[in-house]
Amino acid sequence: MLSPSPESQRKIEETVRERQISGKKLKARMTLTADGTGLTHVVDGAIELA
């Protein structure tokens, strides 16, 4: 399971509410990059919806 940051959590909640997304899980992908390093790390998972 993914555990989003507080800022990401707010965005996810807004999107679920505004688009009336239903279901028990929301598939999600996070891409981490770091400037100047060439780092790209992708995490796929699911977020439980209440």
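Residues numbered from 1 in each chain as written. Predicted model: local features only at pLDDT ≥ 70, side-chain atom pairs only at ≥ 80, totals over all residues. Heavy atoms only, no water.

**Some words on unusual backbone geometry**
The backbone phi angle of glutamine 20 is positive, close to 50°, even though this residue is not glycine. Positionally, glutamine 20 belongs in the loop between helix H1 (6-18) and strand E1 (25-34). On the basis of relative accessible area, glutamine 20 is assigned to the exposed category, the value being 69%. (Helix = DSSP H or I, 4+ residues; strand = E, 2+ residues; numbered from the N terminus. Buried < 20%, exposed > 50% of the residue type's maximum accessible area, 1.4 Å probe, protein only.)

**Details of the pairing of strand E2 (residues 39-48)**
Pairing between E1 and E2: ten bridges, direction antiparallel. Following the sheet pairing, lysine 27 is matched in E2 by alanine 46. (Pairing = 2+ DSSP bridges.)

**Focus on H1**
Here H1 contains 13 residues, and its C-alpha end-to-end distance of 18 Å stays within 8% of the 18 Å for a straight helix at 1.5 Å per residue. Directly beyond the C-terminal end of H1, a positive phi value near 50° is found at glutamine 20. (Expected span 1.5 Å × (residues − 1).)

**Focus: the pattern of salt bridges**
Taken as a whole, this structure holds two salt bridges when the rule is applied. In this structure, glutamate 14 engages lysine 11 in a salt bridge whose closest nitrogen and oxygen atoms are separated by 3.7 Å. Of this pair, glutamate 14 and lysine 11 are both found in helix H1, three residues apart, which corresponds to roughly one turn of the helix. Taking the relative accessible area as the measure of exposure, glutamate 14 reaches 31% and is therefore partly exposed. What makes lysine 11 exposed here is its relative accessible area of 52%. A salt bridge links arginine 29 to aspartate 44, with the shortest nitrogen-to-oxygen separation between them at 2.6 Å. Here the residue arginine 29 occupies a position in strand E1, and aspartate 44 occupies one in strand E2, the gap between them amounting to 15 residues. (Salt bridge = Lys/Arg side-chain N within 4 Å of Asp/Glu carboxyl O.)

**Regarding the environment of valine 42**
Mapped onto the fold, valine 42 is located in strand E2. Its relative accessible area of 42% is what places valine 42 among the partly exposed residues. Not counting the four nearest positions on each side in its chain, valine 42 is found in contact with Arg29, Met30 and Thr31. (Contact = heavy atoms within 4.5 Å.)

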